[in-house]
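# Descriptive structure summary
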Amino acid sequence: MRTAPGGIELGEAVEKMLVLLASAGREMKVRDIAVAIGESVSDRRIETTRSRLKSLAKQGKVLEGHPGWFRIAPAVGAVAGPAGGAAAMR
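Let us look at the structure shown here. (Residues numbered from 1 in each chain as written. Predicted model: local features only at pLDDT ≥ 70, side-chain atom pairs only at ≥ 80, totals over all residues. Heavy atoms only, no water.)

### Things to note about the overall build of the chain
Counting its regular elements, the chain contains four helices and three strands. In sequence order, the secondary structure elements of the chain are arranged as α-β-α-α-β-β-α. When the 90 residues of the chain are sorted by exposure, 34% land in the buried category. The contacts in the chain between residues at least 6 apart in sequence include a share of 52% that link residues at least 24 apart. Accessible surface for the chain amounts to roughly 5,200 Å². Of this, 55% is attributable to carbon and sulfur atoms. (Helix = DSSP H or I, 4+ residues; strand = E, 2+ residues; numbered from the N terminus. Buried < 20%, exposed > 50% of the residue type's maximum accessible area, 1.4 Å probe, protein only. Contact = heavy atoms within 4.5 Å. Areas by Shrake-Rupley, 256 points an atom, 1.4 Å probe, with all protein chains shown as cover.)

### Notes on the side chain of threonine 49
Relative to the elements of secondary structure, threonine 49 occurs in helix 3 (residues 43-58). With sequence-adjacent residues up to four places away left out, threonine 49 is seen in contact with Met17, Val30, Ile33, Ala34 and Glu39.

### Comments concerning the side chain of arginine 45
Structurally, arginine 45 can be placed in helix 3. The buried category is assigned to arginine 45, whose relative accessible area is 5%.

### Observations concerning the nonpolar core
Residues Met17, Leu21 and Ile33 are the most contacted members of the largest nonpolar core, which totals 21 residues. Sort the elements by how many residues they give to this core and helix 1 (residues 10-24) lands first, with seven residues. The contact partners of isoleucine 33, leaving out residues within four places of it in the chain, are Met17, Leu20, Leu21, Met28, Thr49, Leu53 and Phe70. (Core = buried A, V, L, I, M, F, W, Y, C linked by side-chain atoms within 4.5 Å.)

### Notes on the packing of helix 2 (residues 30-37) against helix 3
In a pair of packed helices, the angle between the axes and the distance between the axes together describe the arrangement. Two elements in contact, helix 2 and helix 3, have axes separated by 9 Å at closest approach and are oriented at 100°. With respect to helix 3, the element helix 2 is oriented roughly perpendicular. Contacts between helix 2 and helix 3 involve Val30, Arg31, Ile33 and Ala34 from the first element and Asp43, Ile46, Thr49, Arg50 and Leu53 from the second. The class makeup of the residues in the contact of helix 2 with helix 3 is five nonpolar, one polar and three charged. (Axes fitted to C-alpha atoms, helices over the stretch in contact; angles between N-to-C directions. Parallel < 35°, antiparallel > 145°, perpendicular 65-115°, else oblique. Nonpolar A, V, L, I, M, F, W, Y, C, P; charged D, E, K, R; others polar.)

### Quick look at the pattern of salt bridges
Tallied over the full model, the rule gives six salt bridges. The salt bridge involving arginine 50 is made with glutamate 47; its shortest N-O contact spans 3.1 Å. Taken as a pair, arginine 50 and glutamate 47 lie in helix 3 at a separation of three residues, close to a single helical turn. The class for arginine 50 is partly exposed, based on a relative accessible area of 26%. (Salt bridge = Lys/Arg side-chain N within 4 Å of Asp/Glu carboxyl O.)

Encoded structure:
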């Protein structure tokens, strides 16, 4: 799959976002999540990250508190906390 310059592939991005949020144990802003997973900080890539997070929210893997702030869903965090790694999240 092709990605825009400065972007990372969907599967890799999702895995990194879930691991990051599971280990953070708190809400994080979209921009901070994008930077932490290695995305470019362009507005386009931030919006791509937001869209991916909203999709994960629809799947019940993350929760959106205040607009633009996301955290791991309790069931996902309990099963795939930092020690569980990405394999446990699939």
